[in-house]
Amino acid sequence: MAEFNKLSAQLVFGADSPAIKENRVTTVQCLAGCGSLRTGADFLAKHYHQHTVYLSQPTYGNHPNFFLAAGLTLKTYRYYDPITRGLDFQGMLDDLGSAPSGAIVLFQVCSHNPTGVDPTLHQWEQIRQLVRSKGLLPFFDNAYQGIVSGSLDMDVQSVRMFVTDGGECLVAHSYSKIMGLYGERVGALSIVCKTADVASRVESQLKLVIRPIYSNPPIHGAAIVTAILKDREMFDEWTVELKAMINRIIHLRQQLLDALRDRGTPGDWSHITKQVGMYTFSGLNAEQVAFMAEEYHIYMSSDGRINMAGLSAKTVPYLADAIHSAVTRNV
């Protein structure tokens, strides 16, 4: 759907983006975020001179699979600091600074999965300067646009910084969470090129990548997205609902922090409200997670990641009891 591609690009880059006006962006509909990442990986493996991809440590569990399946080599850059439960910014800069020229770097646009830790805009600008000076190729995973601040524009400022400087980048975009269309597999891959001519060539090669995999994407989910994005009334209604969902998650973070403090749970839990988006990297270890599953029937990934959207005001006290019990049982 040409209209879907056009509207998706505008949602990420802005309707007034110079790259769009100069026809330097090519966008293809893909099978949600995962399909967009894999399509981009296959394209890079076939047409890009560097086959090394840098992923944040840690990152979304499926990220390595996309690039390994395409035959690319994986390396990591420091990202999460388990002591501060925040960003290891200097470690990140050091690792990217030592990457070979031309290396591909995967960034998560916002609501970093699994840590809930995002760089500030000032830090993003420093990252941009380093990436461009080193000649690295940024590949953005945009799965949670709007889910951090409630603003669709604010949450993609990092991407727009990289587009404004005239350089190249790739963006994998998903509607699974932000429109609740997970089962429809709706996404898009946009590649920002230096000229319109290159963008046209890239588009034809992307079609050749897609053709032997799934040939054509399903139309139903993309039709839903297109209907919402092109209708001002529905678009406004969607953004209001998105903001309400984010406000609920922010409120739940505060409730969980207050509940742990009320119980006197040992440790500093302020990271719960400092981290952003859908996820909280709780700091619980695998043994504590296993204890909570066995004794309280509360389930989360073994690294201690909590999906805040799975909580409610009613279940926060029970979770706080379980965390308190897990943390204090051997004290």
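Criteria and cut-off values
Residues numbered from 1 in each chain as written. Predicted model: local features only at pLDDT ≥ 70, side-chain atom pairs only at ≥ 80, totals over all residues. Heavy atoms only, no water. Buried < 20%, exposed > 50% of the residue type's maximum accessible area, 1.4 Å probe, protein only. Helix = DSSP H or I, 4+ residues; strand = E, 2+ residues; numbered from the N terminus. Contact = heavy atoms within 4.5 Å. Axes fitted to C-alpha atoms, helices over the stretch in contact; angles between N-to-C directions. Parallel < 35°, antiparallel > 145°, perpendicular 65-115°, else oblique. Left-handed = near helix turned anticlockwise from the far one by under 90°. Patch = residues over 30% accessible without salt bridge, like charges linked within 9 Å, V, L, I, M, F, W, Y side chains within 5 Å. Areas by Shrake-Rupley, 256 points an atom, 1.4 Å probe, with all protein chains shown as cover. Salt bridge = Lys/Arg side-chain N within 4 Å of Asp/Glu carboxyl O. Lys, Arg positive; Asp, Glu negative; His and termini not counted. Charge placed at Lys NZ, Arg CZ, Asp CG, Glu CD. Pairing = 2+ DSSP bridges. Phe/Tyr/Trp six-rings, centres within 6.5 Å; stacked < 30°, edge-to-face > 60°.

Asks: Requested: an account of helix α5 (residues 89-97), with residues and values cited.
Replies: Along an α-helix, a turn takes 3.6 residues, which lines up residues three or four apart on a common side. All of the buried residues in α5 are F89, G91, M92, L93, D95 and L96. Looking at the buried side of α5, the elements it contacts are β2 (52-57), β3 (73-78), β5 (86-87), β6 (104-108) and α6 (121-134).

Asks: Please give an account of the packing of helix α1 (residues 2-13) against helix α9 (residues 220-230) that cites residues and values.
Replies: Where α1 contacts α9, the axes come no closer than 9 Å and their chain directions differ by 55°. As judged from the angle between their axes, α1 and α9 are oblique. Like other packed secondary-structure pairs, α1 and α9 cross with a definite hand, here left-handed. Packed against α1, whose contacting residues are E3, F4, L7, S8 and L11, the element α9 presents A222, V225, T226, L229 and K230 at the interface.

Asks: Residues and numbers for a negative patch on the surface, please.
Replies: Together, D231, E233, E237 and E241 make up a region of like negative charge exposed at the surface. Topologically, D231 is positioned in the loop between α9 and α10 (232-262).

Asks: How would you explain the sheet that holds strand β9 (residues 186-192) if you had to name every residue and give the values?
Replies: Strand order in this open sheet of seven strands is β1-β9-β8-β7-β6-β2-β3, and the pairing throughout is mixed. At either end of the open sheet lies a strand with only one pairing partner, and these are β1 (25-31) and β3. Sheet twist, expressed as the mean angle between neighbouring strand axes with direction ignored, is 25°. Pairing of β6 with strand β7 (residues 137-142), which is carried by five bridges, proceeds in the parallel orientation. Among the inter-strand pairings, F107 is bridged to a residue of β7, identified as F140. On the sheet, α6 packs against β6 and β7 and is oriented at approximately 165° with respect to β6. The strands touched by helix α7 (residues 157-164) are β7, β8 (169-174) and β9; relative to β7, the strand with the most contacts, the crossing angle is about 150°.

Asks: Tell me about the side chain of T226, and name the residues and values.
Replies: Looking at the element boundaries, T226 is found in helix α9. Once residues lying within four places of it in the same chain are set aside, the contact partners of T226 are M1, E3, F4 and L7.

Asks: If you had to explain the packing of aromatic side chains to someone new, which residues and values would you point to?
Replies: Within this structure, the stated rule accounts for 14 aromatic pairs. Pairing W124 with F140 gives two aromatic rings, centres 6.2 Å apart and planes at 50°, and the pair type is tilted. Taken as a pair, W124 in helix α6 and F140 in strand β7 lie far apart in primary sequence, 16 residues in all. Each member of the pair, W124 as well as F140, carries the same accessibility label: buried. In textbook terms, an aromatic cluster arises when at least three aromatic residues are bridged by ring pairs, as seen for Y77, F107, W124, F140 and F162.

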